[in-house]
Structures are given as structure tokens and as C-alpha cells.
Amino acid sequence: MSASNIVKNIKLSWYPFTLELKHPFTISVNSRTTTPVVLVEIKYEGMIGYGEASLPPYLSETQESVQSFLSKIDLSVYDDITNLSSILSGIDKLSPGNNAAKASVDIALHDLVGKIKGIPVYQMYDIPKLEMSSSFTIGIDSPEILIQKLHEADKFKYIKVKLGSHNDKKIIETIRDHTSKPLFVDVNQGWNNREVALDFALWLKSKNVLLIEQPFIASNINDTRWLKERSPIPVIADEAVRRLSDLDKIKDAYSGINIKLMKSTGILEAFKMINRAREMNLNVMLGCMTETSCAISAAAQLSSLADWVDLDGNILIKNDRFCGVNSLNGNVIPNDLPGLGIQKII
Ligand code: MG
């Protein structure tokens, strides 16, 4: 332990903020125009580590619950600010759940420790730096808006389409009238009949769809396993997997998992999940919520370890508070600045 890293003059602070979306975003369970977040700062020795909790309303956390959790954290009790495992395991034990709140501190600490060490986070984990193609997500919408969004996604190699409405076939046909790009489909638990789902999966295969995300309700492991065993395209878990401890119960029912920092409690556990998923022969997607470039840049540090990258949350918002990694050209690559490689926009 370096004496200079002893944690005495350290200050954790936070403030709630509302992200405004460029377009209303509709999935099978709801529609929204804003996303609440809590932005976190950890100040230490003249440096600031930035973090973020993104709180889409279908998950259980709120700005109030995040702030209440953060108020329980006392970083001055830890001996070494660079010992992320020790600090994050202590924070995890403060109370169950609160995954996005925990992620906000994990992200801010990674940013800070990268700045202390003078290296980007991806180097802290010996992760290769590679440019990865991100998908661009299109919500459920009218044909006119779908077409407009396809134009916005012009530079992207992959399109992620939200399904689970009564118009699933029409949505795919509308998109196929305008582009032959490979598609991911995300059903957000919106299907409920496995035979119908299998027929549709066979049809989707003929439409160059590369994967189906979360076809059935997360608790329906049996029908998901049935579909996965017959589907010509991979079936990926999103709502069914949050943390490392969820992998054992879903590993036979899915072909892969969508890891998001807001579910995994941050970078450290997401890294462990990727490694465990590989041991289990599962594919890995790295996804996001609607987030600023803070949390997106955090996820981008891990992006070269994934099979598929879906990190477009920061380009769906009007009022980003950070600049860092962006996927405006359709690709994601961490930069070489220390920590997350971000700067706050004043
Ligand atoms: Mg999803």
C-alpha cells in the first residue's frame, strides 16, 4: 500500500439529473421521453472520478433510493483507494439490490484510480484496445418514424430493433424494405407462446436477424430453454441476468447474456461476468441504458471482450454532461486519457 493512497481526504458527492431523449422511446412494456440519473463525483488529491446511475423506470431504483444508498457510504474507512475489490465488496454489503447505485460508485472509483495511476481503465484490466461496431437501437414506432430513425443510424453496421408489439412482422418488413443491414431483435419479454416464437425465429433467420434478446418473461426458463434448443439464431438473456450470481441458473436456457453496468453493479463485476460467461460457453453482448457519455465510456473500456456491442445510450440523449467515447460514427473505442477518458461539459 502506498502511503499517498491512504484514504483520508476523500469526498463522495452526487446530484440528480434528468436526461432528455431526442425521440420518445417505446419498448414492449412502456414509452418515455426522459430518463432520471444520479451523477456522482469522488474528489481526492485534486482529482475527480466521475460516475453515474441510470434509472429507467421499469427497474426498481429511483433517484431517491440511489441518494439514500450513497449517503450510507464512508470511503474514509478504507486503507487504500486503489484497492477496488476491497472497497467495492464493502459497499456491496451495505444493503442488497441498489445495483445502479453501486455501479455509480464503481464507475467513479475506476475513473479516479485510472487517474491516480495515469492509465485508462482498459489497461488496468489488460484488455485489448479495439474498435468495435456498435448497434443502434430503434424503439417500437410507426413506419414513418422507423424509416426516419434508420436514416439516423446510417453509419451503424448493426440495427437493434425492439419487438414484442402486435406488429412484429410488419416492423421487420418495413426495415427490410429500407436496409439489408444485419439486425438484432430485442423482445423485452414480450412473447408468450414458444411454438409461435420458434416459427418467428425461423422467419427472422431468413431476414438476416443475428440474435433474439429476452423473448419470454425472465422467470420462464423452461420455454426459453426449449426455444434456445431449436432456434436457428442465438437467444440472449437481458432481464433474466443482472449479476454474476445469476449466471448458473440461466446458463442452459440461453446462448448468451447482455451485460450492462447498471445491472452488474459496475465494471469490476461486469469483467468477472464476461470471464465466467466464456467459461460457460456463453456469448457476450455489452449493453447500456440511456446514459451520458460517463457510463457509456465506462462500458466501452470492456467492449473489445464482447461479441456484440450495443453502446448507443449517449447518442439518444439531447443533454449529455460529458464528452468521452461516442459511437456517432457507429464504432466504439476507448481513448487514451486516464480513467474513463471523459471530460465534464460545464
Ligand atoms: Mg434488452
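Values in this document were obtained by computation on a predicted structure and should not be read as measured data.

Going through the model one piece at a time under the given rule, you end up with one cavity of 30 Å³ or more. By volume, the largest cavity amounts to about 220 Å³. Phe25, Lys162, Lys260, Cys288 and Met289 are the residues nearest the centre of the largest cavity, which is lined by 20 residues in total. Taken together, the residues that form the lining of the largest cavity break down as seven nonpolar, four polar and nine charged. For the lining of the largest cavity, the two domains that each supply at least three residues are domain 1 (3-118) and domain 2 (124-344).

Turning our eyes to something else, we now look at helix α12 (residues 293-300). With eight of eight residues buried, α12 lies mostly within the body of the structure. Of all the residues in α12, the buried ones are Ser293, Cys294, Ala295, Ile296, Ser297, Ala298, Ala299 and Ala300. The N-capping residue of α12, defined by a side-chain oxygen 3.0 Å from the backbone nitrogen of Cys294, is Thr292.

An ideal rise of 1.5 Å per residue puts 18 Å on 13 residues; helix α7 (residues 194-206) measures up with 19 Å between its terminal C-alpha atoms. Of the surrounding secondary structure, the elements contacted by the buried residues of α7 are α6 (168-176), β7 (183-186), β8 (209-213) and α8 (221-230). Sitting at the head of α7, Asn193 places a side-chain oxygen 2.9 Å from the backbone nitrogen of Glu195. Once α7 finishes, Asn208 follows within two positions and takes phi at roughly 60 degrees, a positive value.

Our next topic: the sheet that holds strand β6 (residues 158-162). Judged by pairing direction, the sheet is parallel, and its eight strands sit side by side in the order β5-β6-β7-β8-β9-β10-β11-β12 without closing on themselves. Edge positions in the open sheet fall to β5 (135-138) and β12 (308-309), since each of these has one partner strand only.

This brings us to the layout of surface pockets. If you add up the space inside the largest pocket, you get close to 250 Å³. Forming the walls of the largest pocket are 17 residues, and the residues nearest its centre are Lys22, Phe136, Glu152, Ile315 and Leu316. Mapped onto the lining of the largest pocket, the elements with two or more residues apiece are β1 (10-26), β5 and α5 (143-152). Per-element accounting of the lining of the largest pocket gives the leading share, five residues, to β1. Considering only residue class, the lining of the largest pocket consists of nine nonpolar, four polar and four charged.

What follows deals with the state of the cysteines. On inspection of all chains with the given rule, the structure shows zero disulfides. Free of any disulfide, Cys288 has its nearest neighbouring cysteine sulfur in Cys294, separated by 13 Å. You can see Cys323 has no disulfide; the closest cysteine sulfur is in Cys294, sitting 12 Å from it. Overall, the relative accessible area of 39% leaves Cys323 in the partly exposed class.

Here the magnesium ion is held by the protein donor atoms Asp186 (OD), Glu213 (OE) and Asp238 (OD), which lie 2.1 to 2.2 Å from it. Positions of the donor residues of the magnesium ion along the chain correspond to the pattern D-x26-E-x24-D. Taken together, the residues span a long stretch of sequence, with Glu213 in strand β8 and Asp238 in the loop between β9 (235-237) and α9 (247-250) at a distance of 25 residues.

Now for the sheet that holds strand β3 (residues 47-54). Pairing within the open sheet is antiparallel, and its three strands lie in the order β1-β2-β3. Looking at strand neighbours, the two that pair on one side only are β1 and β3, the edges of this open sheet. Sheet twist, expressed as the mean angle between neighbouring strand axes with direction ignored, is 25 degrees. Where strand β2 (residues 31-44) and β3 come together, eight bridges link them in antiparallel fashion. In the strand pairing of β3, Val40 is matched with Gly51. Contacts from helix α3 (residues 99-117) reach β1, β2 and β3, with the element oriented near 155 degrees to β3.

Analysis parameters
Residues numbered from 1 in each chain as written. Predicted model: local features only at pLDDT ≥ 70, side-chain atom pairs only at ≥ 80, totals over all residues. Heavy atoms only, no water. 1 Å grid on protein atoms, 1.4 Å probe; cavity = no way out; pocket = protein on both sides within 12 Å on 5 of 7 lines; lining within 4 Å. Points joined across faces, edges and corners; volume = space filled by probe spheres on them. Nonpolar A, V, L, I, M, F, W, Y, C, P; charged D, E, K, R; others polar. Domains from an automatic or database assignment. Buried < 20%, exposed > 50% of the residue type's maximum accessible area, 1.4 Å probe, protein only. Helix = DSSP H or I, 4+ residues; strand = E, 2+ residues; numbered from the N terminus. Polar contact = N/O pair within 3.5 Å; in protein donor to acceptor, adjacent residues only side chain to side chain. Expected span 1.5 Å × (residues − 1). Contact = heavy atoms within 4.5 Å. Pairing = 2+ DSSP bridges. Disulfide = S-S within 2.5 Å. Donors = N, O, S within 2.8 Å, 3.2 Å for Na, K, Ca; no water. Axes fitted to C-alpha atoms, helices over the stretch in contact; angles between N-to-C directions.

Geometric values such as these leave the question of function open.
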